[in-house]
Amino acid sequence: MIRISALLTLAAPTYIALTFTRFYVVNPQTQSIIGILLVATGCGFMMASMSSFHIGRWVLASVAVIASAAAINTLVGNNFSIDSGVQLLANIGYAYAISKGPMSVTAQKVITLLLSAFFMSHAVLGVNPEGIFTISRNFISVLMILSVAFYYIACTKNEKSPEVLIPIFVLAICLWAIGRSGIISAALLLVGTTVLSNKKTTILAVYSLIAISVIAVAGERLLAYVEIFQVGIERFERLSASGPDPRELIFDEYFAITSTHLKYIFFGTPLGLVSEISAVGGNPHNAYISLHASFGMLGLTYFMLLSAVSLAKLWRAKLRYLTLVFLILLLRSAFDSTAFHGPLDVALFSCIFVALAKKRYDDMSSPPFSRIWTAMKLPNGRRQAKNEPWI
């Protein structure tokens, strides 16, 4: 028989492979089949984890909140949320398997480098990043950040420090893809990793950045004739332009419509009512708008609480690299529909479950109804040990 621990090791590579293929293939039917495979394998990894580990209260709470919010929004609100709920629950299954199972630092590093080599080869051949994925060029940076997040999670679980060379590669790919939020996220990851690393690594990173800058300045005249870099320059110039950013218009209109009715506040605003979202094919370009629209105030409040508790525990446990990655995932989700449900769900909830499993809460920072929970007996009849994790 295959050991459960060996099976759980495949969770992160399987998710990366299926997500990459789903972005890359052109046939809509194939994309749908891969979507079904993602749901099925996510549920399978959840069941495999449950068979070997006691499923914790935060996981049960997450499943209950998402299922309840999806059902309520579908019945009471005007948003069909069952599909989003099922896919988000499957992503939580992947995340729970990743948080509980072993992870190979080398394997995650190799996967990130292979993705970098794939995109770099297209860059060298002069391929426009718009032609890589069928969904959007922005998902190049999403896939790179997802892969590097798994690498940092693996480093944390194995008590190793990540190599600064990895975020340098990620930044290089994001620069080629010219997505502003991807570039900012990758740059923050590199700067944060450099600051947290030792002095030798810091010096190496600084010299590498200086070398990259010198090369960029020296080749500025040549790059000016390359169409893709002209597009990138124009996109960044929009940040300082007098007109509002399209994402800002989407947020303002969604907030304005939501504030007009209590039903929209509690159960989410139908995205079809927002003209700015309809103008871009129904994509709100903000995962938190998607979260509120699909799961209402219940889902939004629960995730914000979960994120705050996780950040506090990561900081108290001195898991600085994982704290950095978690913050970058939250930031990246504010500029695209990459979570709830989306490709970054698995990394986000993996960070959350790792954080909540590190150490049991003390009396002053226990979650809601903890006194009732701690009084409950575990399935085998024994009471919870003092150092037993919540999940």
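Residues numbered from 1 in each chain as written. Predicted model: local features only at pLDDT ≥ 70, side-chain atom pairs only at ≥ 80, totals over all residues. Heavy atoms only, no water.

Colleague: I keep staring at the overall build of the protein chain and nothing clicks. Help me out?
Modeller: On a plain count of helices and strands, the protein chain comes out with 19 helices and zero strands. Counting across all 391 residues of the protein chain, residues that qualify as buried make up 47%. Long-range pairs, those at least 24 residues apart, make up 73% of the contacts in the protein chain with a sequence separation of at least 6. With an accessible surface of roughly 19,200 Å², the protein chain has 68% of that area assigned to carbon and sulfur atoms. (Helix = DSSP H or I, 4+ residues; strand = E, 2+ residues; numbered from the N terminus. Buried < 20%, exposed > 50% of the residue type's maximum accessible area, 1.4 Å probe, protein only. Contact = heavy atoms within 4.5 Å. Areas by Shrake-Rupley, 256 points an atom, 1.4 Å probe, with all protein chains shown as cover.)

Colleague: I tried to follow the side chain of N138 on my own but got confused; where do I start?
Modeller: With respect to the element layout, N138 can be found in helix α7 (residues 138–157). With relative accessibility at 10%, the residue N138 sits in the buried group. Once residues within four sequence positions are removed from consideration, N138 is found in contact with G179, R247, R332 and D336.

Colleague: Any chance you could explain the nonpolar core here in plain terms?
Modeller: Across soluble globular proteins, you tend to see nonpolar side chains buried next to one another. The biggest cluster of nonpolar side chains holds 95 residues, and the ones touching the most others in it are F119, F133, F150, F303, L329, F340 and F349. Considering every element that reaches this core, the biggest residue donor is α7, with 15 residues. The next biggest cluster of nonpolar side chains, apart from the first, holds eight residues, and it includes I250, I257, Y264 and V274. (Core = buried A, V, L, I, M, F, W, Y, C linked by side-chain atoms within 4.5 Å.)

Colleague: Would you take a moment to explain helix α18 (residues 345–357) for this structure?
Modeller: In an α-helix, one turn spans 3.6 residues, which is why side chains three or four residues apart end up on the same side. With 13 residues, α18 should cover 18 Å at 1.5 Å per step; its first-to-last C-alpha distance of 18 Å lies within 8% of that length. Next to the buried residues of α18 lie α2 (11–24), α4 (57–75), α5 (82–100), α7, α16 (287–316) and α17 (320–333). (Expected span 1.5 Å × (residues − 1).)

Colleague: What should I look at first to understand the packing of aromatic side chains in this one?
Modeller: Ring pairs (aromatic) are described by centroid distance and by the angle formed between their planes. Enumeration according to the criterion identifies 20 aromatic pairs in this entry. Over the face of the ring belonging to W315 we find R320, whose NZ or CZ atom lies 3.7 Å from the ring centre. (Phe/Tyr/Trp six-rings, centres within 6.5 Å; stacked < 30°, edge-to-face > 60°. Lys NZ or Arg CZ within 6 Å of the ring centre and 35° of its normal.)

Colleague: Sorry if this is basic, but what is going on with α16 here?
Modeller: Taking 1.5 Å of rise per residue, the 30 residues of α16 would be expected to cover 44 Å, yet its terminal C-alpha atoms sit only 27 Å apart, more than 12% below that figure. At G296, α16 shows its largest bend, some 130°. The residue sitting at the N-terminus of α16 and contributing the capping side-chain oxygen is N286; that oxygen lies 2.8 Å from the backbone nitrogen of Y288. Looking one or two places after α16, you find K318, whose phi comes out positive at around 60°. (Bend = angle between axes of the 7 residues up to and from the residue. Polar contact = N/O pair within 3.5 Å; in protein donor to acceptor, adjacent residues only side chain to side chain.)

Colleague: Looking at this structure, I do not really get the pattern of salt bridges. What am I missing?
Modeller: Between side chains of opposite charge, pairing is possible as soon as their charged atoms come close. Under the criterion given, the structure shown has three salt bridges. Here E163 makes a salt bridge to K109, at a shortest N to O gap of 2.7 Å. With E163 in the loop between α7 and α8 (165–177) and K109 in helix α6 (residues 105–124), this residue pair connects regions lying 54 residues apart in the sequence. Assessed through its relative accessible area of 35%, E163 is described here as partly exposed. R332 is paired through a salt bridge with D336; the nearest N and O atoms lie 2.9 Å apart. Like R332, the residue D336 is buried in the burial classification. (Salt bridge = Lys/Arg side-chain N within 4 Å of Asp/Glu carboxyl O.)

Colleague: I would appreciate a short explanation of the environment of L249 in the present structure.
Modeller: Here L249 shows up in helix α13 (residues 246–258). Along the primary structure L249 and E276 are separated by 27 residues, whereas in three dimensions their C-alpha atoms are 6.9 Å apart.

Colleague: Any chance you could explain a nonpolar patch on the surface here in plain terms?
Modeller: Taken together, the side chains of I72, L75, V76 and L298 define a hydrophobic patch exposed on the protein surface, amounting to about 380 Å² of accessible area. Residue position: V76 is located in the loop between α4 and α5. Classification of V76 as partly exposed rests on a relative accessible area of 42%. (Patch = residues over 30% accessible without salt bridge, like charges linked within 9 Å, V, L, I, M, F, W, Y side chains within 5 Å.)

Colleague: Which parts of the structure should I look at to understand unusual backbone geometry?
Modeller: A negative phi holds for most residues other than glycine; trans holds for most peptide bonds. The step from F340 to H341 runs through a cis peptide bond, and the omega angle for that step is -5°. Residue I178 is not a glycine yet carries a positive backbone phi of 55°. Structurally, I178 is set in the loop between α8 and α9 (180–196). In this structure I178 comes out as buried when scored by relative accessible area, which is 5%.

Colleague: Can you walk me through the environment of A107 in this structure?
Modeller: Topologically, A107 is positioned in helix α6. Of the residues examined, A107 reaches a relative accessible area of 32% and is grouped as partly exposed. Sequence separation of A107 and P13 is 94 residues, and the distance between their C-alpha atoms is 8.3 Å.

Colleague: Quick question: what am I supposed to make of the packing of α2 against α7 here?
Modeller: Pairs of packed helices are described in terms of their axes, by the angle between the two and the distance that separates them. As a packed pair, α2 and α7 sit with axes 11 Å apart at the nearest point and diverge in direction by 175°. In terms of orientation, α2 lies roughly antiparallel with respect to α7. Mapping the contact onto sequence places A12, Y15, I16, T19, F20 and F23 in α2 and F139, L143, L146, S147 and F150 in α7. Of the residues belonging to the contact of α2 with α7, the class tally is nine nonpolar, two polar and no charged. (Axes fitted to C-alpha atoms, helices over the stretch in contact; angles between N-to-C directions. Parallel < 35°, antiparallel > 145°, perpendicular 65-115°, else oblique. Nonpolar A, V, L, I, M, F, W, Y, C, P; charged D, E, K, R; others polar.)

Colleague: Would you take a moment to explain the confidence of the model for the protein chain for this structure?
Modeller: For any part of a model where pLDDT is low, the fine detail of the predicted coordinates should not be relied upon. Mean pLDDT over the protein chain works out to 80, with 76% of the residues at or above the 70 mark. For residues 220–225, every residue scores under 50 in pLDDT, and the model assigns this stretch three contacts once sequence neighbours within four places are set aside. In this model, residues 360–391 is a region of pLDDT below 50 whose contacts with residues beyond four sequence positions or in other chains number 52 contacts. (pLDDT = per-residue confidence, 0-100.)

Colleague: When you look at the packing of α4 against α16 in this model, what are you seeing that I'm missing?
Modeller: Between α4 and α16, whose axes approach to 8 Å, the crossing angle comes to 160°. By the angle class used here, α4 and α16 are roughly antiparallel. In the crossing of α4 with α16, the sense of the turn from one axis to the other is right-handed. Where α4 approaches α16, its residues W58, A61, S62, V65, I66, A69, A70 and N73 are matched on the opposing element by H292, A293, S294, F295, G296, L298, G299, Y302 and L306. Classifying every residue of the contact of α4 with α16 gives eleven nonpolar, six polar and no charged. (Left-handed = near helix turned anticlockwise from the far one by under 90°.)

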